[in-house]
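# What the coordinates show
Chain by chain, the residues run as shown.
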Amino acid sequence: MKKKNNQKHNNSPEELSYEGAMVTPIFQTSNFSFESWEAISNAFDHRTKSFIYSRGNNPTVEVAQRKLADLARGERALLFGSGMGAISAAVLHCAQKDGHIIAIKNIYGPTNNLLYTYLKDKMNVSITFVSGVELGEFEAAIQANTNLIYLESPSSGIFSLQDIPTVAALAKKNDIKTVIDNTWATPFFQKPLEMGIDLEVHSCSKYIGGHSDVVAGVIIGSDKLIGGIFEKEYEWLGARIAPAEAALITRSIKTLPLRMKAHEANALQVATFLENHPKIVKVNYPGLESFEQYDLGKRQMSGNSGLLSFRLATNDLEKAKTFFNNLKKFRIAVSWGGYESLIYALAISYVKEMTREQFASTGLTYGDMRLSVGLENATELILDLEQALELI
Ligand SMILES: *Cc1c(COP(=O)(O)O)cnc(C)c1O
């Protein structure tokens, strides 16, 4: 449908047109004015949908939220200033004082701290961690006071998967809310809401942003649940996204399918090369047929992203450093999901917090490396890995 020029407000998923602008303008405004007492009073009657003040709604933010909700097949989305802003709002909405949460081991570190330390200390929330591989673990962990099952599939550390529809069904039967961190797969490759999950959260700082230039997060779900979060955690904790950053997200969503297919193609080539290299003992990547949960991944994801990990055959710190420091195409950084290929070694942060013995007991080695495979030429990335492996 052709849009009229000068259309100032409309909540369609398409770009919000103003003076025929091709791209949604950045409404850099904190406040919105009204023509009368009645008009502003009416806006307050519909406060979760009205433009009144930009800690609540803003037209530029609304466009990005609409696009994300549609992509995930949700009714509504809320954008936050970071992934942790979104995760903490979703978790606080579902958690109850003296309640109980079931979560996956190896979830994103700050989420783990939020659930395990913060909620326990502040709200006496207890938590049971499960590997998430078997449905029976969830069944066994359910208590009378369980109000949330928190998933991350694939998990961003070891890429283990949960069978999403069966866990969602179990939770529904027991009247327990479900939240999934879907950052790794993105709403392009995996649609948990269609599998019965209540709320999907993302760090948009990864693939959804995709250009290493924005930190943001999103929660997607039903009108009812998102409306409830809007009225409490969104407005009261105030971790909203800025309009200019929401505009970057809208820019990024347009190329998400193209980027994800390219990340997948590159990552599969890199993972296959690594898997066949004699100086590598193991590659963790859900897109490889050798991956333990490959069939489950095929059932619930339409593709795989570009973050993977692998283990060098050596556990010698100096050799691991030689490999790591001699890569030319992979830059050294912690985040992921952008154009640039990155490497990070899990040992770097762990050895600061642990003794040598504690580190050994985690099962990790100095040779455990995480790659974010970017959008550069895959052959060049492989040649780079090959030359660095030759040095050790
Ligand atoms: C990065 C990340 C987060 C946190 O997102 P921020 O935008 O950094 O706050 C949460 N979950 C996963 C899986 C992540 O990788």
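This one's a predicted model, so the numbers in the text were calculated from it and none came from an experiment.

Procedures and definitions
- Residues numbered from 1 in each chain as written.
- Predicted model: local features only at pLDDT ≥ 70, side-chain atom pairs only at ≥ 80, totals over all residues.
- Heavy atoms only, no water.
- Helix = DSSP H or I, 4+ residues; strand = E, 2+ residues; numbered from the N terminus.
- Rg over C-alpha atoms; globule rule 2.2 N^0.38 Å.
- Buried < 20%, exposed > 50% of the residue type's maximum accessible area, 1.4 Å probe, protein only.
- Contact = heavy atoms within 4.5 Å.
- Areas by Shrake-Rupley, 256 points an atom, 1.4 Å probe, with all protein chains shown as cover.
- Lys, Arg positive; Asp, Glu negative; His and termini not counted.
- Charge placed at Lys NZ, Arg CZ, Asp CG, Glu CD.
- UniProt positions renumbered as here; feature names shortened; annotations may be inferred.
- Pairing = 2+ DSSP bridges.
- Axes fitted to C-alpha atoms, helices over the stretch in contact; angles between N-to-C directions.
- Core = buried A, V, L, I, M, F, W, Y, C linked by side-chain atoms within 4.5 Å.
- Domains from an automatic or database assignment.
- Salt bridge = Lys/Arg side-chain N within 4 Å of Asp/Glu carboxyl O.
- Phe/Tyr/Trp six-rings, centres within 6.5 Å; stacked < 30°, edge-to-face > 60°.

## A look at the overall build of the chain
For the chain, the count of helices and strands is 15 helices and 12 strands. The C-alpha atoms of the chain give 22 Å as radius of gyration, which agrees with the globular expectation for 392 residues (21 Å, within 12%). Projected onto the principal axes, the alpha-carbon positions of the chain cover approximately 75 × 50 × 35 Å. The burial tally for the chain puts 54% of its 392 residues in the buried class. Restricting to contacts in the chain with at least 6 residues of sequence separation, those with at least 24 account for 71%. When the accessible area of the chain is evaluated, it comes to approximately 17800 Å², of which 52% is carbon and sulfur surface. Seen as two clouds, the 40 positive and the 43 negative side-chain charges of the chain have centres 3 Å apart.

## Concerning the UniProt feature "modified residue: N6-(pyridoxal phosphate)lysine" (unreviewed entry) in the chain
The residues that UniProt annotates with the feature "modified residue: N6-(pyridoxal phosphate)lysine" (unreviewed entry) are Lys206. For Lys206, the position within the fold is in the loop between β6 (199-203) and β7 (217-221). When sequence neighbours within four positions are dropped, the list of residues in contact with Lys206 reads Thr183, Ser335, Trp336 and Gly337.

## With respect to the sheet that holds strand β5 (residues 177-181)
If you trace the seven strands from one edge of the open sheet to the other, you get β1-β7-β6-β5-β4-β2-β3, paired in mixed fashion. With partners counted over all chains shown, the strands left at the sheet margins are β1 (76-80) and β3 (126-130), one partner each. In this sheet, neighbouring strand axes are inclined to one another by 20° on average, regardless of whether the strands run parallel or antiparallel. Bridge count between β1 and β7: five bridges; the pairing is antiparallel. Note on β7: the bridge partner recorded for Ala77 is Ile220. Sitting on the sheet, helix α3 (residues 83-94) touches β1, β4 (146-152), β5, β6 and β7, and the angle it makes with β6 is about 155°. Across the sheet, helix α4 (residues 109-123) touches β2 (100-104), β3 and β4, and the angle it forms with β3 is around 145°.

## So, the nonpolar core
If you look at the biggest cluster of nonpolar residues, it comprises 47 residues, and the most contacted ones within it are Leu274, Leu308, Phe310, Phe323 and Leu371. Residue assignment for this core shows that the elements contributing at least two residues are α10 (256-275), β8 (280-284), α11 (294-300), β9 (307-312), α12 (317-325), β11 (342-345), β12 (368-372) and α15 (378-390). It is α10 that contributes the most residues to this core, seven residues altogether. For this core, the two domains that each supply at least three residues are domain 1 (13-253) and domain 2 (256-389). Leaving out residues up to four positions away in the same chain, Phe323 has contacts with Phe310, Leu312, Ile343, Met369, Leu385, Ala388, Leu389 and Ile392.

## Some remarks on the pattern of salt bridges
With the rule as written, the count across this model stands at 11 salt bridges. Across the salt bridge formed by Lys97 and Asp98, the nearest N and O atoms sit 3.6 Å from each other. Residue Lys97 is classed as exposed on the basis of its relative accessible area of 62%. Residue class for Asp98 comes out partly exposed when judged on its relative accessible area of 39%.

## Section: the packing of aromatic side chains
Throughout the structure, instances matching the rule amount to nine aromatic pairs. Both rings, one in Tyr207 and one in Trp336, keep their centres 5.6 Å apart while their planes meet at 65°; by these two values the pair is edge-to-face. In this pair, Tyr207 sits in the loop between β6 and β7 while Trp336 sits in the loop between β10 (331-332) and β11, placing the two residues 129 residues apart along the sequence. Given the relative accessible area of 1%, Tyr207 is considered buried.

## With respect to the pairing of β1
Judged by how many residues are buried, β1 sits mostly within the fold: five of five residues are covered. Judged by which residues are buried, β1 turns out to be covered on both faces: Arg76, Leu78 and Phe80 on one side and Ala77 and Leu79 on the other are all buried.

## Some points on the sheet that holds β10
Within a sheet, neighbouring strands are paired by backbone hydrogen bonds and run either parallel or antiparallel to one another. Pairing is mixed in the open sheet, where five strands are placed in the order β8-β9-β12-β11-β10. Bordering the open sheet on either side are β8 and β10, each of which pairs with just one other strand. Judged from the two bridges that link them, β10 and β11 form a sheet pairing that is parallel. Residue pairing for β11: Ile332 is matched across the bridge by Ile343.

## Focus on helix α9 (residues 243-253)
When α9 is considered as a whole, its buried residues turn out to be Pro243, Ala246, Ala247, Ile249, Thr250, Ser252 and Ile253. In this structure, the buried residues of α9 make contact with α2 (59-71), β1 and α10.

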